[in-house]
Amino acid sequence: KVEGIPAIDTMLQHLDSVISAENVFRQLFRKNPVLFSLHESGKNKLAILGIVKIPGFIKESTVKNAFSGPYGNQKVAEKVRNYNGHKIFYIPGFQNHTEIYYSFAQGLLVMSTSRIVLESSLRQLSASSSILDQEGFIPVMETAGANTTGNLYLRPDKLPDWLRSW
């Protein structure tokens, strides 16, 4: 059984309440494409990765300060870790919510429920190659709907394992 699937629903509900409660997040996500993806993280666990471009009128420090706001009057103990020249901020789980790791890179806010997934994303952002440069991904990218709320891409080689888990 994949342990991460019930947690994904909880995490998305929590994220929705955070976005609704904080003006900075509403500005950040309004009319600004957000990429969410699921990644294997450990045995039978899934982690969420979210990436959004930070508009020029929002400062990184404003976003950082907003992360402590959703938890009411009680400030969250935030820890900082350096990784390959990036600061990774860690907010421990609070009131039964999943911990969040986030960082800033190349004008993007990168966040995840897994430190390992976040670090992997930061490494890929620093790399000179991109999946967009891979010839096999171009036809997949062209299937994206222009008038849709979102697109879902599944790796066919992983699909049997995910279905077997249910």
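Remember, it's a predicted structure, so these values are computed and weren't measured experimentally. (Residues numbered from 1 in each chain as written. Predicted model: local features only at pLDDT ≥ 70, side-chain atom pairs only at ≥ 80, totals over all residues. Heavy atoms only, no water.)

Focus on the pattern of salt bridges
Definition in use: Note on definitions: salt bridges are taken to be side-chain nitrogens of Lys or Arg within 4 Å of carboxyl oxygens of Asp or Glu. Secondary structure elements follow DSSP: runs of H or I no shorter than four residues count as helices, runs of E no shorter than two count as strands, and numbering proceeds from the N terminus. The buried label applies to any residue whose accessible area, calculated with a 1.4 Å probe on protein chains only, is under 20% of its type's maximum; exposed applies above 50%, and partly exposed to all values in between.
For the structure shown, the criterion picks out two salt bridges. E119 is the partner of R81 in a salt bridge, and the nearest nitrogen-oxygen pair spans 2.4 Å. Of this pair, R81 sits in strand β3 (residues 79-83) while E119 sits in helix α4 (residues 115-126), and the two are 38 residues apart along the sequence. Its relative accessible area of 8% is what places E119 among the buried residues. A salt bridge links R115 to E119; the nearest nitrogen and oxygen atoms lie 2.9 Å apart. Placement of both R115 and E119 in helix α4 is noted, with a separation of four residues, approximately one turn of the helix. One salt-bridge network, held together by shared partners, links R81, R115 and E119.

Digging into the pairing of strand β2 (residues 46-53)
Short version of the rule: In short, DSSP must find at least two bridges between two strands for them to pair.
Burial within β2 is extensive, with seven of its eight residues counted as buried. In the sheet, strand β1 (residues 34-40) pairs with β2 via seven bridges, with the strands oriented antiparallel. Its bridge partner being in β2, E40 is matched across the sheet by L46. Pairing between β2 and strand β6 (residues 108-112): five bridges, direction antiparallel. Residue pairing across strands places L49 opposite S112, the latter belonging to β6.

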